[in-house]
Amino acid sequence: MRITQEAQRAKRMIDTQSSLHCGGPYSSNDVAVETCFENVPPTLEEMALSKFFKEHPSIIQDKSILHVGTGDGSLDQQLSNSAGHVDSISISRAEIEHAKRKSSGTNVEYFLVNKHNRQELGSLKDKYDIIIDVNLKSFACCETHFREMFEAYLEMMHDSSSIFSATTGIN
């Protein structure tokens, strides 16, 4: 498909305006997300993915997994029972500390990383078999940084890798 010069110019204007006014991407050290995770149940999206992986355990068997959005850590624990290795990331230090206290898996590592910061994502393992991001659009400051996040995800994948998300995380 051929894109006209006018369409390309309009796209550049939108991209420039988005990146100028979005205020991001923030490093994980800039984001203050504090909450009590002790009594917070998993979200409906986390429960849906948990159910899916319980019903299809062979999908994660011996795989290297990047779990984006640590949450209460329960999905990490479930994944660690079958996966080869799980890297779990969050922008919330409190979330990670809660998940670490709850963790029993020796094949789970937690990292303070903002998924919209390409440099921070690049500090992780080179390639993953599976990327699980329950809410792809969470903390998306603008379309430009969302696209950069997705491009970083693609760089972290093999040709046969998969991304899993809940449908509400895509809308």
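Reading the values: rules and limits
- Residues numbered from 1 in each chain as written.
- Predicted model: local features only at pLDDT ≥ 70, side-chain atom pairs only at ≥ 80, totals over all residues.
- Heavy atoms only, no water.
- Pairing = 2+ DSSP bridges.
- Helix = DSSP H or I, 4+ residues; strand = E, 2+ residues; numbered from the N terminus.
- Axes fitted to C-alpha atoms, helices over the stretch in contact; angles between N-to-C directions.
- Contact = heavy atoms within 4.5 Å.
- Buried < 20%, exposed > 50% of the residue type's maximum accessible area, 1.4 Å probe, protein only.
- Salt bridge = Lys/Arg side-chain N within 4 Å of Asp/Glu carboxyl O.
- Phe/Tyr/Trp six-rings, centres within 6.5 Å; stacked < 30°, edge-to-face > 60°.

The strand order β3-β2-β1-β4-β5 describes an open sheet built from five strands, whose pairing is parallel. Looking at the sheet topology across the chains shown, the edges are occupied by β3 (108-112) and β5 (157-164). Strand-to-strand twist across the sheet, computed as the mean angle between neighbouring axes with direction ignored, equals 20°. One ladder, built from four bridges, connects strand β1 (residues 64-68) with strand β4 (residues 128-133); its direction is parallel. Across the sheet, residue H67 finds its bridge partner in β4, namely I132. Along the sheet, helix α4 (residues 93-102) contacts β2 (85-90) and β3; its crossing angle with β3, the most-contacted strand, is approximately 165°.

What follows covers unusual backbone geometry. Look at D62: it is not a glycine, yet its phi comes out positive at around 60°. Structurally, D62 can be placed in the loop between α2 (44-55) and β1. On the accessibility criterion, D62 (58% relative accessible area) is exposed.

Now for the pattern of salt bridges. The full count for this structure, using the stated rule, is five salt bridges. Across the salt bridge formed by K102 and D72, the nearest N and O atoms sit 3.4 Å from each other. One end of the pair, K102, is in helix α4; the other, D72, is in the loop between β1 and α3 (74-80), with 30 residues separating them in the sequence. A relative accessible area of 39% places K102 in the partly exposed class.

Those residues of α4 that fall on the buried side of the exposure criterion are A94, E95, I96, H98 and A99. Buried residues along α4 sit against β2 and β3.

Checked against the element boundaries, H145 lands in helix α6 (residues 143-155). Under the relative-accessibility criterion, H145 is labelled buried at 5%. Measuring from C-alpha to C-alpha, the distance between H145 and H116 comes to 6.0 Å, with 29 residues separating the pair along the chain.

What follows is about the packing of aromatic side chains. With the rule as written, the count across this model stands at five aromatic pairs. Where F52 meets F53, the ring centres are 5.3 Å apart and the plane angle is 75°; that geometry is what we call edge-to-face. For F53, a relative accessible area of 2% translates into the label buried. On the basis of an interplanar angle of 40° and a centroid distance of 5.7 Å, the ring pair of F52 and F164 is categorised as tilted.

For the rest of this paragraph, the subject is the pairing of β2. Where burial is concerned, most of β2 is hidden: five out of the six residues are buried. Of the pairings in the sheet, the one linking β1 to β2 comprises five bridges and is parallel in character. Each bridged residue has a counterpart across the sheet, and for L66 the counterpart in β2 is D87. Bridging between β2 and β3 involves five bridges; their strand directions are parallel. Within the sheet, the bridge partner assigned to V86 lies in β3 and is V108.

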